[in-house]
Amino acid sequence: MLKAVYLFFISTLRTRAFLIWMVLFPALLMVIFGALYAGEGGEAQKPPVFLYANGTLKEALEIALNSTFDLKIVDKVGSPDLFVLNATASLRIPATLVVANGSVVEIYSASGIWGPLVMSTVAGVLYSFYYPNVQLPVNVSLKIVDGVANATSLLAQSPTTVAIVLTLVEAMGAGITGVLGVLGSLVVTGLNKKAALSKIGKARLALTATGSALLSSFIGTSAILTAAYMVYKVDPAVILAKWQWWASYLLNFAFFAGIALLVTNALVMGKVEAGSVMSVGVMLYLVFAFTTGYFIPIEVMPKAMADFALSMPTSYTFTFAKVAALGGQAPLSLLYYPAAAATAALLFGLYFFKPYSRP
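Residues numbered from 1 in each chain as written. Predicted model: local features only at pLDDT ≥ 70, side-chain atom pairs only at ≥ 80, totals over all residues. Heavy atoms only, no water.

1. Quick notes on the overall build of the protein
A count of helices and strands for the protein gives 14 helices and 5 strands. Here the protein holds 359 residues, and the buried ones make up 46% of them. The long-range share in the protein, meaning contacts at least 24 apart out of those at least 6 apart in sequence, stands at 72%. If you sum the accessible surface of the protein, you get close to 17900 Å²; carbon and sulfur atoms cover 66% of it. (Helix = DSSP H or I, 4+ residues; strand = E, 2+ residues; numbered from the N terminus. Buried < 20%, exposed > 50% of the residue type's maximum accessible area, 1.4 Å probe, protein only. Contact = heavy atoms within 4.5 Å. Areas by Shrake-Rupley, 256 points an atom, 1.4 Å probe, with all protein chains shown as cover.)

Structure follows, in structure tokens:
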């Protein structure tokens, strides 16, 4: 029995899928979560805060907020909610607005993490300003623009935002694992060779697999939206009626589908087995989901990781879809970079894709 255990162990070590999931992926998780939770991620972010103030508190608020946050003074504010959403779209990280009018200080934030931090700083300013009065003559309120009411967790997000996150993640996953699954099954069954010998062009075969994966992704998306409606009363029309969400969804899918077509070459050329290729696809999908602001809020990331997340096209599509669904006006320019990245990835994938490598 021990000899059989040893033989199975040796056989497992020779499997590339084992090396990916048992060695490479845990190491990546250690780097990612170590940076997040162990305090080893380097310089911290400075949350963006906008201040509109008049009266005696203005100078004190400016000094205190500027020492901790990335403070910007504004001269005019229309709708505070819309201001915060549009600022979030422009910066691609949650913005916070402090409105101080005499004895009333109102704080509006797109983040359930940074909003309370700003509020505590403002409360400290008021305490110092009016000390030694026991009762502060100022009314301070905080509103999370994301729509979360009475949140008990700093990581709380509205069900609408959660649904947007999961649907866009579904597009990412279907783009890479769906395309790899379809083309991988062709290689395993040998149908890719028949396709190569027929009149079906390689681009047509690749696009057919991509289209199939896209249609399959709608099933997962429908399940997400149905659950969101039945459990959290999220109206699917709030999301589906926004062309911004559709654009973000398709760009996420196309970007990862292009990556899948490139990865497929390793399988077609016979250098790795189907299981290993699928493992690489799933690993890439999870790493991107964890490090680009989908599963882990950008607010809790150290600056270096946040900069990486904001450099990815997926951060642009997420912001574009989220701001639009919450009632903001995300500029169309947010899609320029992800559109270029998705187009380039898909074209490169189609160009280098090979359905069959002849011996």
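2. Things to note about helix 3 (residues 57–68)
Note on helix geometry: an α-helix contains 3.6 residues per turn, so any two residues three or four positions apart are oriented the same way. Between the first and last C-alpha of helix 3 there are 17 Å, a value that for 12 residues agrees with the 16 Å anticipated at 1.5 Å per step. Of the positions making up helix 3, those classed as buried are L57, L61, A64 and L65. For helix 3, the angular spread of the buried residues around the axis is 90°, confining them to a single face. More than 90 degrees from the buried face of helix 3, the exposed residues found are E59, I63 and S67. (Expected span 1.5 Å × (residues − 1). Arc of directions from axis to C-beta.)

3. Here's the deal with the side chain of T96
Note on placement: T96 falls in strand 3 (residues 96–101). A relative accessible area of 1% places T96 in the buried class. Those residues within four positions of T96 in sequence are excluded, and the remaining contacts are P48, V49, F50, I107, Y108, S109, W114, G115 and V118.

4. Looking at the nonpolar core
General note: in soluble globular proteins, nonpolar side chains tend to be found buried as a group. Core analysis: the biggest nonpolar cluster contains 65 residues, and I164, L168 and F255 have the highest contact counts within it. Secondary structure elements with two or more residues in this core: helix 4 (80–91), strand 3, helix 6 (159–189), helix 8 (202–232), helix 10 (243–268), helix 11 (274–291), helix 13 (313–325) and helix 14 (336–352). Per-element tally for this core: the top contributor is helix 10, with 13 residues. Apart from the residues within four sequence positions on either side, I164 is in contact with I239, W245, F318, A321, K322 and A325. Counting residues in each nonpolar core, the second largest holds 17 residues, with L51, L57, A64 and V122 among its members. (Core = buried A, V, L, I, M, F, W, Y, C linked by side-chain atoms within 4.5 Å.)

5. Quick word on the sheet that holds strand 5 (residues 139–144)
Across a sheet, paired strands are connected by hydrogen bonds in the backbone, their directions being either parallel or antiparallel. Taken together, the 5 strands give an open sheet; going across it, the order is 2-1-3-4-5, and neighbouring strands pair in mixed fashion. Looking along the sheet, the strands with just one partner apiece sit at the ends: strand 2 (70–73) and strand 5. Neighbour-to-neighbour, the strand axes of this sheet turn through a mean angle of 20°, independent of strand direction. When strand 1 (residues 48–54) meets strand 3, the two strands line up parallel, connected through 6 bridges. Its bridge partner being in strand 3, Y52 is matched across the sheet by V99. Against the sheet, helix 3 engages strand 1, strand 2, strand 3 and strand 4 (104–109), with an angle of about 170° to strand 1. (Pairing = 2+ DSSP bridges. Axes fitted to C-alpha atoms, helices over the stretch in contact; angles between N-to-C directions.)

6. A few points about the pairing of strand 3
Across the 6 residues of strand 3, 5 count as buried, placing the element largely inside the fold. Pairing between strand 3 and strand 4: 6 bridges, direction antiparallel. Residue pairing across strands places L97 opposite Y108, the latter belonging to strand 4. Between the end of strand 3 and the start of strand 4, which pair antiparallel, lie 2 residues, with G102 showing a positive phi angle near 60°.

7. Let's talk about the pattern of salt bridges
Evaluation of the coordinates by the stated rule reveals 3 salt bridges. Salt-bridge contacts for D81 lead to K143; the nearest nitrogen and oxygen are separated by 2.5 Å. Of the two residues, D81 sits in helix 4 while K143 sits in strand 5, which places them 62 residues apart along the sequence. Under the relative-accessibility criterion, K143 is labelled partly exposed at 39%. (Salt bridge = Lys/Arg side-chain N within 4 Å of Asp/Glu carboxyl O.)

8. Some remarks on helix 12 (residues 303–311)
Listing the buried residues of helix 12 in full gives M305, A306, A309 and L310. Along helix 12, the residues classed as buried sweep out an arc of 135° about the axis, all on the same side.

9. Some thoughts on the environment of F256
Position of F256 among the secondary structure elements: in helix 10. In contact with F256, other than residues within four places in its own chain, are M172, G175, I176, F288 and T314.

10. Quick notes on unusual backbone geometry
In this model, R92 sits at a positive phi of 65°, which is unusual for a non-glycine residue. Along the polypeptide, R92 turns up in the loop between helix 4 and strand 3. Under the relative-accessibility criterion, R92 is labelled buried at 15%. Despite not being glycine, K233 has its phi angle at roughly 60°, a positive value. Positionally, K233 belongs in the loop between helix 8 and helix 9 (236–240).

11. A look at the packing of aromatic side chains
One pass over the full model with this rule turns up 12 aromatic pairs. Pairing W245 with W246 gives two aromatic rings, centres 4.9 Å apart and planes at 80°, and the pair type is edge-to-face. Exposure remark for W246: the relative accessible area of 34% places this residue in the partly exposed category. Summarising the aromatic geometry, the rings of F256 and F288 are spaced 5.1 Å apart at their centres and angled 85° between planes, so their arrangement reads as edge-to-face. Here the residue F256 occupies a position in helix 10, and F288 occupies one in helix 11, the gap between them amounting to 32 residues. (Phe/Tyr/Trp six-rings, centres within 6.5 Å; stacked < 30°, edge-to-face > 60°.)

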